[in-house]
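# Coordinates in review
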Amino acid sequence: MIALFIILGIIVLFALWAVGVYNGLIKQRNLVQEAWRQIDVELKRRHDLIGNLVETVKGYAAHERGTLEDVMKARSAAMAGGQTPAQQAQSEGMLSAALGRLIAVAEAYPDLKANQNFMALQNELTSTEDRIASARRYYNANVRELNTKVETVPSNVVAGMFNIKREEYFEVEGIERDPVKVDFGQGNYNIPPPSGYNSPQDTAPTQIPTTPPPGQLPNTQVPNPQPGQQAPPPTQN
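Values in this document were obtained by computation on a predicted structure and should not be read as measured data.

### Some words on the packing of helix α2 (residues 65-79) against helix α3 (residues 85-106)
- Contact geometry of α2 with α3 gives a least axis separation of 9 Å together with a crossing angle of 160°. Between α2 and α3, the angle falls in the class roughly antiparallel. In this structure, α2 meets α3 at a crossing whose hand is left-handed. Facing Thr67, Leu68, Asp70, Val71, Ala74, Arg75, Ala77 and Ala78 of α2, the residues of α3 in contact are Gln88, Ser91, Glu92, Met94, Leu95, Ala98, Leu99, Arg101, Leu102 and Val105.

Written as structure tokens, this is what we have:
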């Protein structure tokens, strides 16, 4: 009878643990989905701004047809539904590349750069992309937390039982930044040490005079005379 109670107690404890782990996984998955909805809202706003930007450029650089068409095609691909986060990131990367070429073309038209509508759209687009970057970091952090729980023991047991799977990161591929190299123009030149600093090989050892014992005269060294010179007389004490 006691053994039966022990077994029932173990089953109850395991059930309570499994429920707690399951609730934690569901909570984390909901955070991932909520973070993705925030990204989706900002991406839609970005697509709208890019469309308005293209229409503004058309008024000043209508003959740049190839560049304008590339941007609109990339925008249509990015707005296509049913994409996974990884696919959406790839589409957004292509759109960013096409948009960069469009901005480079706009640099050749001073009147376009001075247009108030064009400047306002650029500012809005920059602000939107900053919000997308912030939302992307929040989303990826939640994805990392969920994936860790799904893959590690013992929570992976509960995740497998309820078919809770890993989520994809939202990262734009093909864009890497090189680390900043700071040399302040020194190149391969040797930097001198600060003033007052002596290297060990340049520092002569300091000789400390020794005190003779009581009753003994100090050892006075007389330098050797040079040829043609007389030796100095000894010192009288």
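What follows continues from the structure just given.
### Some words on the packing of helix α1 (residues 2-58) against helix α5 (residues 116-151)
- Following both chains from N to C, one finds α1 and α5 inclined at 160°, their axes separated by 8 Å at the closest point. Here α5 runs roughly antiparallel to α1, going by the angle between their axes. In this structure, α1 crosses over α5, and the sense of that crossing is left-handed.
- Split by residue class, the contact of α1 with α5 holds 21 nonpolar, nine polar and ten charged.

### Examining the side chain of His47
- Mapping His47 onto the fold places it in helix α1.
- By relative accessible area, which is 4% here, His47 ends up buried.
- In terms of polar contacts, His47 uses its side chain to reach the side chain of Glu92, at 2.8 Å.
- Residues in contact with His47, not counting those within four places in the same chain, are Arg75, Ala78, Met79, Gln88, Glu92 and Leu95.

The rules behind these values
- Each chain carries its own residue numbering, running from 1 in the direction its sequence is written.
- Residues qualify for local features only when their pLDDT is at least 70, as the model is predicted, and side-chain atom pairs are given and counted only at 80 or more; totals for whole chains, interfaces and linings, by contrast, use all residues.
- Side-chain numbers here rest on the full set of heavy atoms in the structure, without hydrogens or water.
- Whenever a helix is involved, its axis is fitted only over the stretch in contact; in every case the axis is a line through C-alpha atoms, and angles between N-to-C directions fall within 0 to 180 degrees.
- For the purposes of this entry, the term helix denotes a DSSP run of H or I that reaches at least four residues, the term strand denotes a run of E that reaches at least two, and both are numbered from the N terminus.
- Should an angle fall under 35 degrees it is called roughly parallel, over 145 degrees roughly antiparallel, and 65 to 115 degrees roughly perpendicular, with every other angle called oblique.
- By definition, turning the near helix anticlockwise from the far helix through less than a right angle yields a left-handed crossing, and turning it clockwise yields a right-handed one.
- Residues are treated as being in contact if the distance between any of their heavy atoms lies within 4.5 Å.
- Amino acids outside the nonpolar list (Ala, Val, Leu, Ile, Met, Phe, Trp, Tyr, Cys, Pro) and the charged list (Asp, Glu, Lys, Arg) are all regarded as polar, and Gly is one of them.
- For every residue, the accessible area (1.4 Å probe, protein chains only) is compared with the maximum for its type, and the residue is labelled buried under 20%, exposed over 50%, or partly exposed between those bounds.
- The term polar contact refers here to a pair of N or O atoms within 3.5 Å; inside protein, the definition further demands a hydrogen-donor-capable atom paired with an acceptor-capable atom, and it admits residues adjacent in sequence only when both atoms are side-chain atoms.

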